[in-house]
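Listed here are the chains, written in short residue letters.
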Amino acid sequence: MTADHLIGIERFEAGLWKVADNLRANSNLASNEYFMPILGLIFLRHATNRYYAAVAAIEEDRAAGRMPDRPLVEADFTRRRALMLPEPARYDVLLGRPKDGNLGAAVTAAMDAVEDHFPPLAGQLPKDYERFEDDTLEEMMRTFDSEALRTASGDVFGRIYEYFLAEFSKEGAHDNGEFFTPPSIVQTIVNVIEPDHGVVLDPACGSGGMFVQSSHFIEDAGEDTMKRVTFYGHEKNETTGKLARINLAVHGLEGRIRAGNEAITYYKDPHELAGRCDFVMANPPFNVDEVDAEKVRGDRRLPFGLPGVNKAGKISNANYLWLSYFYGYLNENGRAGVVMSSQASSAGRDEAKVRRKLVESGAVDVMIDIRGNFFYTRTVPCQLWFFDRARERDPERAGRTLMLDARNIHRKISRAVYDFSPEQQKNIAAIVWLYRGQSERFLDLVASYLGRSIAEGGAAAEPLAAFEGALGRLIDLAKPFATEARPSGPLAEPWGELASARIKASADCAAFTAEVAERAAAWNQGGNGGARNNPALHAARESLHGMAVRGRSLTKQIELAVKLAGRVVDTAVKGLDAQRSDRWPNAEIGRAHRALEGARGSAVESLRRTRYFVQQADWLQERFPDARLRDVEGLVKLVERGEIEAQDWSLTPGRYVGVAPEEEDEDFDFGEAMRSIHMDLEELTDEAAKLAARIARNFEELGV
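Please read all numbers here as calculations on a predicted model, not as lab measurements.

**What to know about the overall build of the protein chain**
Each helix and strand counted, the protein chain has 26 helices and 11 strands in total. Taken over 704 residues, the protein chain has a buried fraction of 51%. Intrachain contacts of the protein chain at a sequence separation of at least 6 include 75% that bridge at least 24 residues. Split by element, the accessible area of the protein chain, about 31,200 Å² in all, is 49% carbon and sulfur.

**Points about the pairing of strand β7 (residues 382-388)**
Within a regular strand, side chains alternate between the sheet's two faces. Taken across its 7 residues, β7 has 7 buried, putting it largely inside the fold. Residues Cys382, Leu384, Phe386 and Asp388 point to one face of β7 and Gln383, Trp385 and Phe387 to the other, with burial holding for every one of them. By the bridge criterion, 7 bridges tie strand β5 (residues 330-341) to β7 in an arrangement that is antiparallel. Bridged to Ala336 within β7 is Phe387.

**Some words on the confidence of the model for the protein chain**
A residue-level look at the protein chain finds 84% of positions with pLDDT of 70 or above and a mean pLDDT of 86. Counted against residues more than four places away or in other chains, residues 1-9, with its pLDDT under 50, gives 14 contacts. Residue range residues 173-177 is modelled with pLDDT below 50. Its contacts to residues more than four positions away, or to other chains, number 15 contacts.

**Some words on the nonpolar core**
With 105 residues, the main nonpolar core has Ile189, Ile368, Phe442, Leu464, Phe467 and Leu635 as its most contacted residues. With 13 residues, the top contributor of residues to this core is helix α23 (residues 586-623). The residues contacting Leu464, other than those within four sequence positions of it, are Cys509, Phe512, Leu554, Ile558, Ala603 and Leu607. Judged by nonpolar contacts, the second largest core, of 45 residues, contains Tyr266, Leu321, Val364 and Val657.

**Digging into the packing of helix α18 (residues 439-459) against helix α20 (residues 492-525)**
Running from N to C, α18 and α20 cross one another at 140°; their axes reach a closest spacing of 9 Å. Classified by chirality, the crossing of α20 by α18 is left-handed. Across the interface between the two elements, Ala447, Leu450, Gly451, Ile454, Gly457 and Gly458 from α18 touch Phe512, Val516, Arg519, Ala520 and Trp523 from α20. When grouped by side-chain class, the residues that make up the contact of α18 with α20 number 7 nonpolar, 3 polar and 1 charged.

**Focus on the sheet that holds strand β4 (residues 277-282)**
An order of β3-β2-β1-β4-β5-β7-β6-β8-β11 is seen for the 9 strands of this open sheet, with the pairing classed as mixed. Bordering the open sheet on either side are β3 (256-259) and β11 (636-640), each of which pairs with just one other strand. Within this sheet the neighbouring strands show an average axis-to-axis angle of 15°, counted without direction. Strand direction decides the pairing type here: strand β2 (residues 229-235) and β3, joined by 4 bridges, are parallel. Across the sheet, His234 pairs through a bridge with Arg258, a residue of β3. Contacts from helix α12 (residues 238-250) reach β2 and β3, with the element oriented near 165° to β3.

**Quick look at the packing of aromatic side chains**
Scanning all chains against the criterion turns up 16 aromatic pairs. Note on Phe442 and Phe624: the rings are 6.3 Å apart at their centroids and 90° apart in plane angle, and the pair reads as edge-to-face. Of this pair, Phe442 sits in helix α18 while Phe624 sits in the loop between α23 and β11, and the two are 182 residues apart along the sequence. Judged by its relative accessible area of 0%, Phe442 falls in the buried class.

**Focus on unusual backbone geometry**
The backbone of Glu194 sits at a positive phi, close to 50°, despite the residue not being glycine. Looking at where Glu194 falls in the secondary structure, it is placed in the loop between α9 (183-193) and β1 (198-202). Even without glycine at this site, Asp648 takes up a positive phi of about 55°. Assignment of secondary structure puts Asp648 in the loop between α24 (641-646) and α25 (654-657).

**Here we look at the pairing of β5**
Counting buried residues in β5 gives 10 out of 12 residues, a clear majority hidden from the surface. Relative to β5, β4 runs parallel, the two being bridged by 5 bridges. Each bridged residue has a counterpart across the sheet, and for Ala282 the counterpart in β5 is Val338.

**Looking at the packing of helix α17 (residues 422-435) against α23**
Between α17 and α23, the shortest axis-to-axis distance is 11 Å and the interhelical angle comes to 20°. Accordingly, the angle class assigned to the pair α17 and α23 is roughly parallel. In this structure, α17 meets α23 at a crossing whose hand is right-handed. Contacts from Glu423, Asn427, Ala430 and Ile431 of α17 reach α23 at Tyr612, Phe613, Gln616, Trp619 and Leu620. Here the contact of α17 with α23 is composed, by residue class, of 6 nonpolar, 2 polar and 1 charged.

**Quick word on the pattern of salt bridges**
Counted according to the given criterion, the structure contains 42 salt bridges. For Arg411, the salt bridge is made with Asp419, and the minimal N-O distance between the two is 2.7 Å. Given the relative accessible area of 27%, Arg411 is considered partly exposed. The exposure class of Asp419 is buried, given its relative accessible area of 12%. In this structure, Arg550 and Glu515 form a salt bridge, with 3.9 Å as the shortest nitrogen-oxygen distance. Within this pair, whereas Arg550 is found in helix α22 (residues 545-576), its partner Glu515 is found in helix α20, the two being separated by 35 residues in sequence. Judged by its relative accessible area of 35%, Arg550 is partly exposed. Three or more residues joined by partner-sharing salt bridges are found here, namely Glu60, Asp61, Arg66 and Arg80.

**Some remarks on the environment of Ala347**
With respect to the element layout, Ala347 can be found in the loop between β5 and α15 (349-361). Residue Ala347 is classed as buried on the basis of its relative accessible area, which comes to 13%. A C-alpha to C-alpha distance of 9.5 Å links Ala347 and Trp649, two positions 302 residues apart in sequence. Aside from chain neighbours lying at most four places away, what touches Ala347 is Tyr320, Ala352 and Arg355.

Calculation criteria
- Residues numbered from 1 in each chain as written.
- Predicted model: local features only at pLDDT ≥ 70, side-chain atom pairs only at ≥ 80, totals over all residues.
- Heavy atoms only, no water.
- Helix = DSSP H or I, 4+ residues; strand = E, 2+ residues; numbered from the N terminus.
- Buried < 20%, exposed > 50% of the residue type's maximum accessible area, 1.4 Å probe, protein only.
- Contact = heavy atoms within 4.5 Å.
- Areas by Shrake-Rupley, 256 points an atom, 1.4 Å probe, with all protein chains shown as cover.
- Pairing = 2+ DSSP bridges.
- pLDDT = per-residue confidence, 0-100.
- Core = buried A, V, L, I, M, F, W, Y, C linked by side-chain atoms within 4.5 Å.
- Axes fitted to C-alpha atoms, helices over the stretch in contact; angles between N-to-C directions.
- Left-handed = near helix turned anticlockwise from the far one by under 90°.
- Nonpolar A, V, L, I, M, F, W, Y, C, P; charged D, E, K, R; others polar.
- Phe/Tyr/Trp six-rings, centres within 6.5 Å; stacked < 30°, edge-to-face > 60°.
- Parallel < 35°, antiparallel > 145°, perpendicular 65-115°, else oblique.
- Salt bridge = Lys/Arg side-chain N within 4 Å of Asp/Glu carboxyl O.

Written out as structure tokens, the structure reads:
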């Protein structure tokens, strides 16, 4: 996905959110009342997409003779991760019905029909659509019925679904956002523990994101999720439990989710899974201090005893209660990945005693530091804890823990929120692979980056040609006016510079394209990196640096040409009243100038991606040149138990790895930085407008 495409999706999502937010304005509902109806509509839209995609796949299988021509059954759709939606519940059917004032009733009936056909959703879907005006409801439904959304893949629609969960989280729509864990955090946990079989438990499951990402991991490996794993979840809030069931269903998955009082994990083990889980994944609430110590004393899930108890008989901080539970749920080969407050890894007193026992068990496998602002409703940093109970029987492994400080690994996605890019997630996983002795996976990832860089370079030919065409078009349109007899006029200098820049840009485009072709031939001749051994990949990577440098130079030349073109247009229009001249087709030049800006963006992005994937290979091979784990200052260190003991049993990675050397960003893009600042300003302006509207409503309600 290109950066422009990513930005496009983000703007599209933001537009959807603004329209959805109108529902609150027009219905006078609080966010905790209207978020479920909106997510219900998104569910129906996504379920309808998946239904028609499954129908198309079934027809293709029938045509190819892979499936007999017989009446369809639910299993045909479940196998393709879709629901067999009854006709009245399909989104297009609902929107195509007559305007009789009963749209709300029809949507409610659609939800009933889905529940009837899919028992795990019984009683879970929103049913209160009749309280909305038909016009408001139809406007919302049509917003989710754009061509882009009708044809959206599961991943794109899943992203929109996650976006809405996140936005509701920001609005405080539910338990201060506890139901939502950012996808990049979830994916990092999945990448490390690799939940590909058996019993998978999330005892604080929120909206079920851990299960969905686990499913993607399993299916990316070519396996059927429901044949490989059984999902179990606990969730203290009934409404959030519904979200989890809906989230699973929309992805064609099933899970055993317990919610409400029966699933208060501190005091109960609703599924009776202690000692039985192959994988545990969770983002529990941090720093809870109201757990009754007597109610949990002696719980078989607490093999290391209770952490501190205060004078009121409460557990002073439940962080270590959670950590003990996660360990206690695992079977003898189980793995766990947990999001935890960064305070926990160095907490003192009774918590330190429990931590020491955890370390001495040999199960503490990997610790990862995450910088602040990864969560939508939490600005504090956090840590990921990973347990692996199979280590306990291996004396060499049991005595070591991998400390990974990922606070310098991130990308900015909004003014206040960061995440890991997909490649950053893979790079973190690659370090863990090396730790586990899986060098071949590391080398395969390096090879994939190099191959992707070459592929992106080849794909750049089209946007580069489009840029040359757009630049030539603008120059041709401006030439009659610009070449009038003005030897000393204000247009002479920028016009001459633009002509030179066009020639240089054209030559640089040709040179870059030739370089890419040469690198591609060498890569293919070597069988995609020869045997993909480490020396061959080092050589292949270094050979791509020239292509990357040439692409960077070409980017600067493209930016210069566009800047000069803008100067020519501005000088002609503002300084010479060109729009009054018959030699200046003003409307056509305006269109050509905008087209050039668009072509610039596509060309620059294609060149950036060509460099980007080489840089990812650089990042890995420069830090781990022998394709083996080694200590890297400021990033990673394999720590012996004696060293942990010497640090008062602290499990804070930053204590061990040191400080990373400052790196110069050769690809710093001032223009992109300014666009980021502009995006931040837009967000602040939107927030100010919302606040002003809220204040106005409050005054109105007070009669002021």
